[in-house]
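Structure assessment
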2 protein chains.
Amino acid sequence: MSLQATCKALADPIRREILNLLKNRRLSAGEIGSYFPVTAASISRHLSVLREADLIRDTREGKYIFYELNASVLEEVMLWVSDLRSTSPAPCAGEPKPPCRKGDFCYEGTTEKI
Amino acid sequence: MSLQATCKALADPIRREILNLLKNRRLSAGEIGSYFPVTAASISRHLSVLREADLIRDTREGKYIFYELNASVLEEVMLWVSDLRSTSPAPCAGEPKPPCRKGDFCYEGTTEKI
DNA sequence: TTTACATTTAACCTTTTGGTTAATTGTATG
DNA sequence: CATACAATTAACCAAAAGGTTAAATGTAAA
């Protein structure tokens, strides 16, 4: 839902690898777990982090719960990153002038809130 | 240097906003700090996380240390994300067959190590 | 209905993270 | 040299993250 949730979800290597596994085909929770040296409970929590970030969707089918990738959320990340990349590095020297004082919460109202 | 370090660095909203601030012009540590409601020490540690991920570079000039964005590292993130996005969602049902047993560390040797 | 299996949730523990204040380092200047 | 300023590092603390085992939930099947 939020860029923050997405970035947090992507910060863990197991979660990134889970997304990778789901790239081509959907998998059950158990099958996903079989790829990692951690308990099913641990995987389940990773899955819920990914689900809360809406990076994956789940469907129960009988005994199994299948997970599939929802890549659309990554659009926001792509936009953020590519916006940062399309930058004009214009280095200028000189005495820096602080645009606001401490405690003014100047970053609010800019691109993102905390 | 590593995708892991980059993703970790991007997982914090203050760090993302710092990169945003550096998008157009370089800034001194103090000027960066003036945008956030935390201490200079806290900002300094955020800066070192970003620097260790090679997302920013620093240059001392007299009393000041100027920081500038190094967007080239983001290339790796872009590739990883866009690779994930260019996926063919071919949902197939059926009994899942685990490709390896618990404790086999099957994710090693795939895309990424832990 | 009882049992087994797939998965999640609860309770707990350890490590990491992000914040603070205080001390340290580096540079310019009276 | 002594003082002031910019920034970092050290020491410490609270909260979050990620792991485990054990209990709970949901569904299929004997």
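Check the entry above for the structure.
The shown structure was predicted, so the numbers you read here are calculated from the model rather than taken from an experiment.

One pass over the structure, following the stated rule, counts two aromatic pairs over all chains. Over the aromatic face of A:Phe66 sits the side chain of A:Arg26, whose NZ or CZ is 4.2 Å from the ring centroid.

Another point: the protein's contact with DNA strand D. In the vicinity of DNA strand D lie 22 residues, with A:Thr39, A:Arg45, A:His46, B:Gly30 and B:Tyr67 positioned nearest. A:Arg15 has a polar side-chain atom sitting 3.1 Å from a phosphate oxygen of DNA strand D. Between a base nitrogen of DNA strand D and a side-chain N or O atom of A:Arg45, the distance comes to 2.6 Å. Sorting the residues of the surface near DNA strand D by element identifies α2 (13–21) and α4 (40–52) of chain A together with α3 (29–33), α4 (40–52) and β3 (64–69) of chain B as the ones contributing at least two each. The element that contributes the greatest number of residues to the surface near DNA strand D is α4(A), accounting for four residues. Classifying every residue of the surface near DNA strand D gives nine nonpolar, seven polar and six charged.

On to the protein's contact with DNA strand C. Neighbouring DNA strand C are 22 residues; A:Gly30, A:Tyr67, B:Thr39, B:Arg45 and B:His46 lie closest to it. Backbone sugar and phosphate groups make up 75% of those atoms of DNA strand C lying within 4 Å of the protein. Within the backbone of A:Ile65, one N or O atom sits 3.5 Å away from a phosphate oxygen of DNA strand C. Counting only elements with at least two residues in the surface near DNA strand C, the list comes to α3 (29–33), α4 and β3 (64–69) of chain A together with α2 (13–21) and α4 of chain B. If you tally residues by element for the surface near DNA strand C, the top one is α4(B), at four residues.

The next thing to look at is the sheet that holds β3(A). Residue and element names in this part refer to chain A. Taken in spatial order, the three strands make up an open sheet running β1-β3-β2, and their pairing is antiparallel. Of all strands in the sheet, those with a lone pairing partner are β1 (27–28) and β2 (56–61), marking the two edges. Where β1 meets β3, two bridges bridge the pair, whose relative direction is antiparallel. The residue bridging Leu27 from the neighbouring strand is Tyr67, located in β3. Its contacts with the sheet put α4 on β2 and β3, and the angle it makes with β2 is roughly 120°.

It is worth spelling out the pairing of β3(B) at this point. Pairing between strand β2 (residues 56–61) of chain B and β3(B): six bridges, direction antiparallel. Considered in β3(B), the bridge of B:Arg57 is made with B:Glu68.

What follows is about unusual backbone geometry. For A:Asp54, which is not glycine, the phi dihedral falls at a positive 60°. When you line up the elements, A:Asp54 lands in the loop between α4 and β2.

What counts as what
Residues numbered from 1 in each chain as written. Chains lettered and ligands numbered in written order. Predicted model: local features only at pLDDT ≥ 70, side-chain atom pairs only at ≥ 80, totals over all residues. Heavy atoms only, no water. Phe/Tyr/Trp six-rings, centres within 6.5 Å; stacked < 30°, edge-to-face > 60°. Lys NZ or Arg CZ within 6 Å of the ring centre and 35° of its normal. Near = heavy atom within 4 Å. Polar contact = N/O pair within 3.5 Å; in protein donor to acceptor, adjacent residues only side chain to side chain. Helix = DSSP H or I, 4+ residues; strand = E, 2+ residues; numbered from the N terminus. Nonpolar A, V, L, I, M, F, W, Y, C, P; charged D, E, K, R; others polar. Pairing = 2+ DSSP bridges. Contact = heavy atoms within 4.5 Å. Axes fitted to C-alpha atoms, helices over the stretch in contact; angles between N-to-C directions.

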